[in-house]
Structure formats: structure tokens, C-alpha cells
Amino acid sequence: MGKDIEKETEELLEEKENKAEDKADKAAKKAEKAAAKEQKAEEKAKKAEEKLNKKKEKAEARKTEIVAQVRDLKAQIAEETDEKKKAKLRRQRDDLIAQRDAIIKSKDGMTIPLAPIVQKRIKACIAIVIVCALLFAYVQSGMVRHGLLGTLSIPQSTLTGMVIKDGDGKKHAVKVSTYNYYYAMLYNQLQQTQQQYEQYGMEVPEDQKIDFDKKLSAQKTTDPDDEDKEITWAQYMHDQVLDNIKSTYTYYYEAVKANNGKEPKIKDDQKKELKEAIDNYKETANGYDFTVSGYLTAAMGKGVTEEVFRKEATISYISENYQSDYQKELNSKQYDESKYEKYRDENKADLVSVDIKYFECDSEDDAKAFKAALNADGSNFAELASEYSSSDFDKEANKNEVETTYKNITKGTLQGMNGAIATAEDDKYPGLDWVFSSKRKAGDVKQQSTSVVYIITPARLSDVKTVTVRHILIKPFKNEKGDDGKTTETDAETPSEASEKEWTNAKKRADKVLAEYKKGEKTAESFGKLAEKYSKDSNASDGGIYENITPNQMVPTFNAWCFNSDRKTGDVDIVKTEYGYHIIYFEKTNDLTVWEYTAQQSLASDDTTKTIEKLEKSYTIKQTWLGSRFFETDTDIDS
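Everything quoted here is computed from the prediction, not taken from an experiment. All chains use their own residue numbering, which begins from 1 and follows the written sequence. Whole-chain, interface and lining totals are the exception, using all residues; otherwise, since this is a predicted model, local features are given only for residues with pLDDT of at least 70 and side-chain atom pairs are given and counted only at 80 or more. Side-chain numbers here rest on the full set of heavy atoms in the structure, without hydrogens or water.

Moving on to the overall build of the protein chain. Broken down by element type, the protein chain carries 22 helices and 17 strands. Contact definition: two residues touch when any of their heavy atoms are within 4.5 Å. Here the analysis covers contacts within the protein chain between residues at least 6 apart in sequence; of these, 69% occur between residues at least 24 apart. Taken as a whole, the protein chain presents about 35,900 Å² of accessible surface, with 48% of it coming from carbon and sulfur. The helix count covers DSSP runs of H or I at least four residues long, the strand count covers runs of E at least two residues long, and both are numbered beginning at the N terminus. Note on areas: Shrake-Rupley with a 1.4 Å probe; residue coverage comes only from the protein chains shown.

Laid out in C-alpha cells, this is it:
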């Protein structure tokens, strides 16, 4: 019996040891698995970093290549005597500059090609409102996709496709036709993006390439939410359409709520734009012996009638208008002096400004010759700028020293001018560092590549304040005879290259508008009405107003007029720039200095972002099972 107990004890000990070993093995395997997981995470992070660096290098290389090509073209323009050839070179130069400007800075400082369509979040109330300028690219492809016999399907017009719940918990039904409309708009944007790459001779990134002759469900792209994951273009389209609808309708419903439950009216220019779009569709539809509704349905998808088109365009306008006003309200938030001072102390390097004379030559040899001929006191800077200008317009304009004088210019503004002085070298900006160095003194001169900079006043924190003005832009135009023999007036394609007669006529028209103003009430409001009536600038519908202008935000002569120390409320004058004649009304000098305004905008921007994110998160969108069966898809495309 004793032996049995002893044996049983040994077995128990052995079993315990085995369990302990098993536990140790499991722990070791768990630790090994954790280590492998950690290693995998590190490899993934390293891979992502390498991918990011490659994108940076590729984009920066493309930017450098473009800058070099632009300089070469400028040199050719300067040497070319044939005006036709010179005009062609200028167009090539402008195309390259457009490409260069399409390279932007993202949040992490990476330089990437601007391709907003592949960003997960597109503010649809801004993107989709361009609907009224809809190109016929989608219309034509829509005809292929749906055929001219596309019919008006009742379900798409009446069936609820999505339900949006607002921040108050109220549910809103959205029709299937709305989905199909947004699908058409997004499809068109994708086509446009690809065409723009091809237009500028740029290679379409792999994750943005689409074969529009094949099913989107048979093609893949990178998931915007996960770079390591691929999804079909059909899934991307579906997700993006829902996002765009939610974004637009969020601000639309907020606009209605803020207007006591009634739909706000859209602006007069928006009404005009919508009417012109419908008129264009009517003309095209007549060519196919179609009604507008039949044409839009065939082109954009079932349920997208003229009524739906008008409704969705109007909603987009209302959404855009409300978001613009709401953001303006949020961005105008004021803060106490202590917050401004704290911001100043933390960001002083970006807030200080200098007074300089600055000119960008067409070649480095020109820049060296410019510097060599420059007087020690900089008195002949304007004369040299005129001599080394490549166009007749610039040669004449640069005789005025304000064209090349930049007072109270900050590092960010100078960098935004994209001159050689602001070119990066190994992620550093030696030219900008030189200009804004505390070692600078009046009279210092720097020539870097094609840039020449003369220091008037070294870096300091300026007390100049922002200003608010209104203006009316009068562009020179050409009188052209059409096939019917009638003469029509069209804006000069490039105002700076308009003829002397065209400029003279533009000045006469500006004088006439100014005389009309002086005969009236001579108030900011009466000036604003004239701006709505006559101005060719994009802010005409807003009464030509520019609020909180900072130094060098506007072109030189415009800027010099605005920041003249003698300027007072009610001053009105005509100023000529490369864009035409500007009739400018000085409204006021604002309360904040430029650096305080910069601090206020930065602080308000952070608060605005948080408020907007909170609002947008309070809205949700869900598709209905039945409605989704009628959503626009690419299944009718043969592949």
C-alpha cells in the first residue's frame, strides 16, 4: 500500500511538472507571438515610412523639374522676338506653373500632387455645387452607359434610398434619385481628374487609374481609410457618394433650421448659373429630340429628372452658402490679449516681417547682372526690374517702384510667391533664413539663383493693421465679329497682353463707373451694388468686399494703395494692375494688427475645426435595403 501511495505521489508530481511545462510553453509561445506581432508592426511602420518618403521624393523631384522648366521657358520668352511664338511659350509656361501650383503641403509636411477626388472627405457642399458647370464628359459617357432609351423609372424618384438623422434625432428621408445624381457628379469628377493629369503630361498614380470602359466593380484602388487595404472602385464610389450626400445635407438641414424651418433663397448669380445650365441641357437635348428630363435621365441615371437636377443644385447652393457663413462666423471669434501674446511668443519667427525690394529674373545670369548693376542704396531697383522684365506690360509696370517693393512681408507670404529665394535645399530654406536673419541690416543684397533681394528694413514685429476694402474690376475686352457678322465683347484672355486700345477702352469704362458712383449716395453699400453690377471679379456678388487684407496679399499696386498711411474711410480711386482697372473703395482700417489677426485666425481655426467636427459627427446616414436595390451602378457596362 505504501508503494501505491508513493507511486501515486510521483504521478501527481509528474503531472504537476507537465502542467508547469505546458504553462511555460504557452507563455513562451505567447511571448514569441507578441514579439512577432511587434516586429510585424515595426516592419509595417517602416514600410509606411518608406512609402511616405518615396512619395515625398517623387513629388519634390517633379516640383524641382517643373521649376527648372519654367526658368528655361522664361529665358526663351525673353529671347524670342516673334510675338506668336512668344505667346505659345507663355502658354506652356502657364501650364507648367499650374502644375507646380497643384503641388501642395499636407499636414505632415509631405509634398503631394493635388488630387482631391481621392481624399476620403470631400466637402460636397463645395464640390457638388459646381454641378451647374457640369462638363459634358459624363453626359457623353452616360449616353454610352445608359443609352438614349434610358427611362424615367418611378422607384428612383419616389423611393427612399437613405435616411439621415440630424443632431436633434430627427430623421430625414432622401430619395434614390439623389444618390444617382451624386453618383453621376462623382463619376464626372473622377474623369476630370484623370483628364487633368493627361493634360499636364503627368502620369496618373496607380491607385487613381480607372478604365472607364470597364466595370468599376472589376477594378481596385487603395482604401482611403487603410493604405494596406484594397477596395473596388465601385465600393469607393458608393462610400464617397454617401459621404458627399451626408456632408451637403448636413449643412442644408442646418441652414433650414437656422431660417426658422424654411428653405433659404439662393443668390441671384446662383439662380443665373442654374438657369444657364438648364438652358444648355435644353439645347443639347433638342439635338437628340429629347426633353431635358429624358436627356438627364439617359446621361446621369434613372430618376434624375430636370426637377431633381434643379432641387439638388439648389440644395448644394444653400448648403455651400450656409457653411460659408457659418465658418465665417466661427472664424471671427475674438480672444483676450493674453492669448494673442502667448501665440506671439510661441510663433514669433513666423510673425515678424521685413521691408524688401524683390525681383525674379528669367535666368541666373540676368540675376547676377542685375545685382552687379544695383546701386548701393537700391535707388535703381525699379529701373533694373523694368530692364530685365520679359514682357512689354511688365517692362512698363515695373518702372513704378511699388511693383517690386514689399513692405511688411512675412516669411510665409514670401515663401508663397514661389521664387528662387524660397527654394528648399535639404529641407532647409537658406534664402528665407538670410532675409529674416537678425543679422540683416538695411542695404544688404542677396542674389540666389534667379532672385534678387534688397533689404530696406530688417525683420521686426510690425504694428501695421489689416484693412477692409471694396473693389470693382474692369477688364480690357476685345470686340470680335461672329459668323453672323455681329460684334460681341469678350474679356481679353490675358489682360496683361491686351492692346493699348483695349486698355484705353477699359479705363474709359472704369471712369464711367466711378462717375456713376460719385453721382450716387457715395456709401459702401452703394459702391457694393455697383460692384455686383459691373465687377468682373469673383467676389462681385458679395459687393466686391475684401475683409482683413494683410500686406502683400494683393498684387503690388493694389496693395500699395490699400496700405498708404494717409488712407481713410471713403477714399475711392482707380488702380491699374495686370488684371485690369480696379475701382477701389477704402472701407476701414481694422482693430487688430496683422500679427494679432494671424493669431486670432489660428486660434479660431482650431476652435472652428472642433466645432465643425462635432456638428458633422452628430449627423448619420444609412441606406435602406429596398432603396439600395435601385442605386446607380456600373453593371450595365460591358467588360
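The next point concerns the nonpolar core. By size, the foremost hydrophobic cluster in this structure holds 55 residues, and its most contacted members are Ile-245, Tyr-249 and Met-300. Ranked by the residues each element gives to this core, the list is headed by helix α7 (residues 233–258), at 12 residues. Counting residues in each nonpolar core, the second largest holds 19 residues, with Ala-397, Ile-474, Val-513 and Phe-527 among its members. The set of buried Ala, Val, Leu, Ile, Met, Phe, Trp, Tyr and Cys residues whose side-chain atoms join them within 4.5 Å is what this entry labels a nonpolar core. Exposure categories follow from relative accessible area, calculated using a 1.4 Å probe and restricted to protein chains: below 20% of the type maximum is buried, above 50% is exposed, and the middle band is partly exposed.

Judged by how many residues are buried, strand β7 (residues 353–360) sits mostly within the fold: 7 of 8 residues are covered. The sheet contact formed by β7 and strand β8 (residues 405–410) spans 4 bridges and is antiparallel. When the bridges of β8 are listed, Val-354 appears paired with Ile-409. One bridge is not enough; two strands pair if DSSP finds at least two bridges between them.

To continue, consider the pattern of salt bridges. Salt bridge, as used here, is a side-chain nitrogen of Lys or Arg placed within 4 Å of a carboxyl oxygen of Asp or Glu. Under the definition given, this model contains 20 salt bridges. Between Lys-257 and Glu-254 there is a salt bridge, and its shortest N-O distance comes to 3.2 Å. With Lys-257 and Glu-254 both in helix α7 and 3 residues apart, the pair spans about one turn of that helix. Close ionic contact of Arg-440 with Asp-444 constitutes a salt bridge, the shortest N to O distance being 3.0 Å. Residue classification places Arg-440 among the buried positions, given a relative accessible area of 16%. Look at the salt bridges and you will find they share partners, linking Asp-168, Glu-254 and Lys-257 into a network.

Running from N to C, helix α8 (residues 268–287) and helix α10 (residues 306–331) point in directions that differ by 155°, and their axes come no closer than 11 Å. Regarding the angle of α8 to α10, the classification is roughly antiparallel. Viewed along their axes, α8 and α10 form a crossing whose handedness is right-handed. The segment α8 lies against α10, with Gln-270, Glu-273, Leu-274, Ile-278, Tyr-281 and Lys-282 engaging Glu-306, Phe-309, Arg-310, Ala-313, Thr-314, Tyr-317, Glu-320 and Asn-321. Its residues assigned to classes, the contact of α8 with α10 shows 6 nonpolar, 3 polar and 5 charged. The axes are straight lines fitted to the C-alpha atoms, using for helices just the contacting stretch, and the angles between their N-to-C directions are given from 0 to 180°. Roughly parallel refers to an angle under 35 degrees, roughly antiparallel to one over 145, roughly perpendicular to one between 65 and 115, and oblique to any angle outside these ranges. Crossings are sorted by hand: turned counterclockwise from the far helix by less than a right angle, the near helix makes the crossing left-handed, and turned clockwise it makes it right-handed. Residues are grouped as follows: nonpolar covers Ala, Val, Leu, Ile, Met, Phe, Trp, Tyr, Cys and Pro; charged covers Asp, Glu, Lys and Arg; every other residue, Gly included, is treated as polar.

Let's shift gears to a negative patch on the surface. Residues enter patches when their relative accessible area tops 30% and they take part in no salt bridge; the joining distance is 9 Å for like charges and 5 Å for the nonpolar side chains Val, Leu, Ile, Met, Phe, Trp and Tyr. In summary, the charge assignment counts Lys and Arg as positive and Asp and Glu as negative, without counting His or the chain termini. Charged groups are reduced to one reference atom each: NZ for lysine, CZ for arginine, CG for aspartic acid, CD for glutamic acid. Residues Asp-268, Asp-269, Glu-273, Glu-276 and Glu-532 make up a contiguous surface patch of negative charge. If one sorts the elements of the negative patch by residue count, α8 sits on top with 4 residues. Here Asp-268 shows up in helix α8.

Our focus in this paragraph is helix α9 (residues 292–300). Taking burial as the measure, the 9 residues of α9 include 9 buried ones, the bulk of the element. Looking only at α9, the buried set comprises Val-292, Ser-293, Gly-294, Tyr-295, Leu-296, Thr-297, Ala-298, Ala-299 and Met-300. Of the residues trailing α9, Gly-301 is marked for its positive phi of about 125°.

Sheet architecture is open: 4 strands sit in the order β8-β7-β10-β9, paired in antiparallel fashion. Of all the strands in the sheet, just β8 and β9 (445–448) have a single pairing partner and so form its edges. Strand after strand, the sheet turns through a mean of 35° between neighbouring axes, direction not considered. Helix α13 (residues 364–373) rests against β7, β9 and β10 (451–460) of the sheet, and its axis sits at about 165° to β9.

Given two aromatic rings, one states the distance between the centres and the angle between the planes to describe the pair. The criterion for an aromatic pair is that two Phe, Tyr or Trp rings (for Trp, the six-membered ring) have centres within 6.5 Å, with stacked assigned to planes under 30 degrees apart, edge-to-face to planes over 60 apart and tilted to the rest. As enumerated under the stated definition, the model contains 22 aromatic pairs in all. Where Phe-370 meets Phe-381, the ring centres are 5.0 Å apart and the plane angle is 70°; that geometry is what we call edge-to-face. In this pair, Phe-370 sits in helix α13 while Phe-381 sits in helix α14 (residues 381–387), placing the two residues 11 residues apart along the sequence. The exposure classification of Phe-370 matches that of Phe-381, with both residues buried. Cluster of aromatic residues (ring-pair linked, three or more members): Tyr-181, Tyr-182, Tyr-281, Tyr-295 and Phe-309.

Think of pLDDT as the predictor's per-residue confidence, scored from 0 to 100. On average, residues of the protein chain score 82 in pLDDT, and 73% of them are at 70 or above. Every residue in residues 104–140 is under pLDDT 50, and counting partners more than four places away or in other chains gives 111 contacts. Confidence over residues 147–152 falls short of pLDDT 50; this stretch has 12 contacts with residues more than four positions distant or in other chains.

Residues other than glycine seldom take positive phi values, yet Asn-408 does so here, at roughly 55°. With respect to the helices and strands, Asn-408 occurs in strand β8. Judged by relative accessible area, which is 16%, Asn-408 ranks as buried. In this model, Asp-427 sits at a positive phi of 65°, which is unusual for a non-glycine residue. Position of Asp-427 among the secondary structure elements: in the loop between α16 (411–416) and α17 (430–435).

Attention now moves to the sheet that holds strand β4 (residues 171–175). The 3 strands are arranged β4-β3-β17 in an open sheet whose pairing can be described as antiparallel. Each having just a single partner strand, β4 and β17 (620–623) make up the two edges of the open sheet. The average undirected angle you get between the axes of adjacent strands in this sheet is 25°. In this sheet, β4 lies alongside strand β3 (residues 160–165) in antiparallel orientation, the contact comprising 5 bridges. Note that in β4 the partner of Thr-160 across the bridge is Lys-175. Packed on one face of the sheet, helix α6 (residues 176–199) meets β3 and β4 and runs near 65° to β4.

Below, the discussion takes up α8. Compared with the 28 Å implied by 1.5 Å per residue over 20 residues, the 29 Å span of α8 between its first and last C-alpha is a close match. Listing the buried residues of α8 in full gives Gln-270, Leu-274, Ala-277, Ile-278, Tyr-281 and Ala-285. For α8, the arc enclosing every buried residue in end-on projection is 95°, short of the 170-degree limit, so these residues lie on one face. The outward face of α8, more than 90 degrees from its buried face, is lined by the exposed residues Asp-268, Lys-272, Lys-275, Glu-283, Asn-286 and Gly-287. Multiplying 1.5 Å by the helix residue count minus one yields the expected span of that helix. Along the arc lie the directions from the helix axis toward the C-beta atoms.

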